[in-house]
Amino acid sequence: MRFQFVLAEVGHGLRRNLSMVVSVVLVTFVSLAFVGAAALLQLQVDKLKDKWYDLVEVSVFLCPTGSTMPTCAAGEATEDQIAEIGSVIDGELGSEVTRSYFETKAEAFEAFEERYPDGYQGTQLTEDDMQASFRLKLADPENFQVVSDVLSGREGVEVVEDQRAVFEPLFLALNRASLCAAGLAVVMLLAAVLLITTTIRLSAVSRQRETGIMRLVGASNLFVQLPFMLEGAIAAVVGSVLAVGGLWLGVRYLVTDWLKQSVDWVAYVGTTDVLAVAPLLVGIAVLLAVVSSVVTLNRYTRV
């Protein structure tokens, strides 16, 4: 009987403050959509790092003819210098390097022709224009500086390059986008809290007669406050479900069906990632509603 009464009061409150409830749903939807977008962006950054950091290599370019680097003053790297660099990689850097191979000028030219069959920016290069190099796969890509310190400045080495530098601007941009989305989410969540608080306060004020009668007949604080708490929670949960649905549709049609088909060599977030984030969004919505309700109702309905 009591449960039916609580449900009746919840339905009555939702109908009486329908416009405010719709506002709570929409604000919660937008704010949690930003929260979900920030979480998915961070997941995307992690996926890209896991995929690309496993592929990137350290390139140790050897001295070509005509280089102006001090380590190349003697001209093109000799066989003895190449052998010495190889022994350093296998010995001193053995714990840092999991795999290494030597790429000759001929192999570099063959790879160049496969990638640029019509020449690079209108210029057709030859095998003599290529550089021999060592390609290193590191056990931990973050330890590039250790490898660079050991190999840079050695005779026969022109430059040591970390391919991660190519991807860092992309990761930085995605991280900043994630932070922007998180910042907007915080602002929108604050707006949602204020709106939920206002909605519950108006509902409590408009039903002071009913709550007064309930107090007179001995109803507990929880029983008096429960209908208002459920109203806020229902509106917030509906907003969170809409946010999850919007994110799912966005990932499904914009990422999986469009972006992934256009650029298929990138690891993207998927609908399963949206479902993994969904409990977080629903939990945030319920927490916001409950906290806002308790703070407001303790003032207007407490016995």
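Residues numbered from 1 in each chain as written. Predicted model: local features only at pLDDT ≥ 70, side-chain atom pairs only at ≥ 80, totals over all residues. Heavy atoms only, no water.

Q: Looking at this structure, how should I read the overall build of the protein?
A: Counting its secondary structure elements, the protein contains 9 helices and 4 strands. Sequence-ordered secondary structure for the protein, helices as α and strands as β, is α-α-β-α-β-α-β-α-β-α-α-α-α. When the 303 residues of the protein are sorted by exposure, 41% land in the buried category. In the protein, the share of contacts with a sequence separation of at least 24, taken over all contacts with a separation of at least 6, comes to 83%. Of the accessible surface of the protein, which amounts to about 16800 Å², a share of 62% is contributed by carbon and sulfur atoms. (Helix = DSSP H or I, 4+ residues; strand = E, 2+ residues; numbered from the N terminus. Buried < 20%, exposed > 50% of the residue type's maximum accessible area, 1.4 Å probe, protein only. Contact = heavy atoms within 4.5 Å. Areas by Shrake-Rupley, 256 points an atom, 1.4 Å probe, with all protein chains shown as cover.)

Q: I would appreciate a short explanation of the state of the cysteines in the present structure.
A: Each disulfide consists of a covalent bond between the sulfur atoms of two cysteine residues. Within this structure, the stated rule accounts for 1 disulfide. Two residues share a disulfide in this structure: cysteine 63 and cysteine 72, whose sulfurs sit 1.9 Å from each other. Across the S-S bond linking cysteine 63 and cysteine 72, the dihedral sits near -75°, which makes this disulfide left-handed. The class for cysteine 63 is buried, based on a relative accessible area of 3%. With a relative accessible area of 3%, cysteine 72 lands in the buried category. (Disulfide = S-S within 2.5 Å.)

Q: For this particular structure, what's the right way to read the environment of alanine 182?
A: Here alanine 182 is to be found in helix α6 (residues 164-206). Separated by 146 residues in sequence, alanine 182 and glycine 36 have C-alpha atoms that sit 8.8 Å apart.

Q: When you look at the side chain of glutamate 158 in this model, what are you seeing that I'm missing?
A: Residue position: glutamate 158 is located in strand β4 (residues 157-162). Salt bridges are absent for the buried glutamate 158, whose nearest opposite-charge side chain, lysine 105, sits at 11 Å. A distance of 2.5 Å separates polar atoms of two side chains, one belonging to glutamate 158 and the other to glutamine 131. The contacts of glutamate 158, once residues within four sequence positions are left out, are Phe61, Leu62, Cys63, Pro64, Ser67, Met69, Thr71, Cys72 and Gln131. (Lys, Arg positive; Asp, Glu negative; His and termini not counted. Salt bridge = Lys/Arg side-chain N within 4 Å of Asp/Glu carboxyl O. Polar contact = N/O pair within 3.5 Å; in protein donor to acceptor, adjacent residues only side chain to side chain.)

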